[in-house]
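Observations on the model geometry
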Amino acid sequence: MNRKKWVRLDNASNIFLAAMTSSDTKVFRMSAELTDAVDPHLLQQALDEVYENYVLYHSVLRRGFFWYYLEESDLKPKVTADVLPPCAQIYHFDRRELLFRVFYNQNRIHLELFHALSDGTGALWFFEDLLKAYIMLRHPEAFEGLDAAAHDRLNHQLEDSFAHYFRKDKKQNFTDAAQSAIRSVAKVSQLTGKSHTQKSALPEENKQKRKRRVHQFRGKKTPDNRPHVIELEMPVKDVLALAREQQTSLTLYLTAVYMLAVRKAGPDFQPGSAMAVSVPVNLRQFFPSNSARNFFSTTRLIYTTEENGEGDDIAAIGRTLKEQFQQQITPESLEEKLRTLIAFEYSPFTRMVFRPIKDFILKLVNYISNRNLTIAISNLGKVTFPDPIDGYIEKMYFHTSAVRPQFCAISHGEHLTVSFTSPFVESSVEEQFVRILTDAGVAVTVAANKVSSEDLEGELS
């Protein structure tokens with residue numbers, strides 16, 4: 001009997017498993033709105049075709065005594081109608097099932113994926129190829145003489161780029177390894193709780209302000225733990241123009257708008273408190289990699305509000321975020337942080353610890369991190385497709401499960417979509433976010449899912 005191939009989880013994936021809860025499933029969704037209704041039979045044919053090329057997506061997640069690992073399977077994915085709540089749980093430790101699913105709903109195609117399998121960039125590669133294959137089947141008359149060539153990036157999709165770039169190849173004795181692991185646990189907690197470059201990013205007179213409490217949201221949880229999803233669609237050129245006026249990036253501009261919305265909308269917001277945001281960084285832009293697995297880091301940016309609120313505006317928030325961000329995303333800074341995390345993971349002492357104990361440690365680290373964050377954001381950037389495929393895709397959407405309010409952004413063509421997710425029913429912050437943009441001259445279209453008990457009862461009746 002042939003033994004099935006398996007690979008250890010990468011550095012980022014382990015904490016997703018330890019931190020997963022019923023409300024924060026660690027699942028994210030990508031969606032494409034097409035120009036015509038989806039044909040489920042052709043979508044299944046396209047999925048079968050693309051699935052063969054993505055060996056990583058054949059994996060199921062298994063639990064060993066010391067670590068989790070991905071094991072190849074002979075399971076086949078099935079296209080289904082979109083009937084589940086968004087970002088519903090995918091991984092169940094007592095089931096052997098694939099770590100992604102493909103849905104359709106009218107003219108939308110959705111890909112949902114468990115974050116332990118891949119990050120946003122890796123999943124986007126799969127989703128792009130799926131959309132291309134489907135559109136070529138749906139409109140064959142537009143593709144006569146054209147061929148969908150496989151990408152070179154598929155050759156290294158299983159690579160663990162964390163280990164490739166950040167693991168030190170030197171041996172330690174057991175005592176040194178134990179001491180190193182203990183130091184790493186302490187440093188990992190520091191790295192997830194606060195930025196290691198933040199002291200230099202803020203002037204001396206702000207040190208006392210930096211120590212003030214980090215604002216955290218409180219609200220009424222959705223009745224069945226489904227995320228509250230609010231989708232905004234707007235012209236990307238208008239928002240880019242506003243960002244350029246502030247001499248900052250689109251991501252940091254939207255983050256500044258969100259922080260200002262929190263400042264204005266939060267009934268329990270205490271003036272003078274801080275707001276902290278977690279921003280993912282795609283490491284492929286600094287360390288070349290074609291891995292379809294997780295290969296990203298996060299950076300924590302913080303803004304401390306004024307007591308009277310007079311100095312809190314988009315310009316002030318944006319300047320503070322930009323200064324911190326530029327200092328934290330240098331290759332040297334990222335490498336220092338990630339080598340610490342990798343050293344902890346690969347320490348002989350750590351590897352001898354049973355998996356449930358590692359899960360407990362990582363869960364504790366995640367809890368400390370969450371207590372020091374107000375919001376989280378993610379921007380996948382601009383998505384383009386070759387002609388004539390691009391003409392059949394109207395908009396792209398992206399959102400994720402949420403332990404705290406957050407937003408995800410993605411753009412295609414002339415459209416920028418910003419999708420908020422929250423574990424709470426309330427939407428006052430999102431309303432303020434829209435108001436700030438519309439007051440600046442941006443036309444915003446809003447859509448939201450049903451989350452209140454009354455709405456959900458109406459769906460079932």
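Description of the structure in this document.

Calculation rules
- Residues numbered from 1 in each chain as written.
- Predicted model: local features only at pLDDT ≥ 70, side-chain atom pairs only at ≥ 80, totals over all residues.
- Heavy atoms only, no water.
- Phe/Tyr/Trp six-rings, centres within 6.5 Å; stacked < 30°, edge-to-face > 60°.
- Helix = DSSP H or I, 4+ residues; strand = E, 2+ residues; numbered from the N terminus.
- Buried < 20%, exposed > 50% of the residue type's maximum accessible area, 1.4 Å probe, protein only.
- Lys NZ or Arg CZ within 6 Å of the ring centre and 35° of its normal.
- Polar contact = N/O pair within 3.5 Å; in protein donor to acceptor, adjacent residues only side chain to side chain.
- 1 Å grid on protein atoms, 1.4 Å probe; cavity = no way out; pocket = protein on both sides within 12 Å on 5 of 7 lines; lining within 4 Å.
- Points joined across faces, edges and corners; volume = space filled by probe spheres on them.
- Nonpolar A, V, L, I, M, F, W, Y, C, P; charged D, E, K, R; others polar.
- Core = buried A, V, L, I, M, F, W, Y, C linked by side-chain atoms within 4.5 Å.
- Contact = heavy atoms within 4.5 Å.

1. Focus on the packing of aromatic side chains
Evaluation of the coordinates by the stated rule reveals 15 aromatic pairs. For the pair Y51 and F100, a centre-to-centre distance of 6.1 Å together with 35 degrees between the ring planes defines the contact as tilted. Pair noted here: Y51 is in helix α2 (residues 40-53) and F100 is in strand β6 (residues 100-105), with a separation of 49 residues, a long-range link. Assigned by exposure class, Y51 and F100 land together as buried. Through a chain of ring-to-ring contacts, the aromatic side chains of Y51, Y54, Y57, F100 and F126 assemble into a single cluster. Positioned above the aromatic ring of Y397 is the side chain of R108, whose terminal nitrogen or guanidinium carbon lies 4.0 Å from the ring centre. Here the guanidinium or amino end of R284 rests over the ring plane of W125, the centre of that ring lying 5.3 Å away.

2. Brief notes about the side chain of T417
Mapping T417 onto the fold places it in strand β14 (residues 415-422). Reaching out from T417, the side chain makes a polar contact with the backbone oxygen of M396 at a distance of 2.6 Å.

3. Quick notes on the layout of surface pockets
A volume near 620 Å³ is recorded for the second largest pocket. What lines the second largest pocket is a set of 21 residues, among which R29, D82, P86, N105 and N449 lie closest to the centre. Elements with a minimum of two residues in the lining of the second largest pocket: β2 (27-34), β7 (108-114), β8 (228-235) and β15 (445-448). The residue inventory of the lining of the second largest pocket, partitioned by class, reads seven nonpolar, six polar and eight charged.

4. Some remarks on the nonpolar core
Of all hydrophobic cores here, the largest spans 58 residues; its most connected members are Y57, F100, F114 and M396. Among the secondary structure elements, those contributing two or more residues to this core are β2, α2, β4 (68-72), β6, β7, α3 (120-138), β12 (393-400) and β13 (406-412). With 11 residues, α3 is the single largest residue contributor to this core. Residue contacts for F114: discarding those within four places in its chain leaves L17, M20, T25, K26, V27, L61, I90, Y91 and L99.

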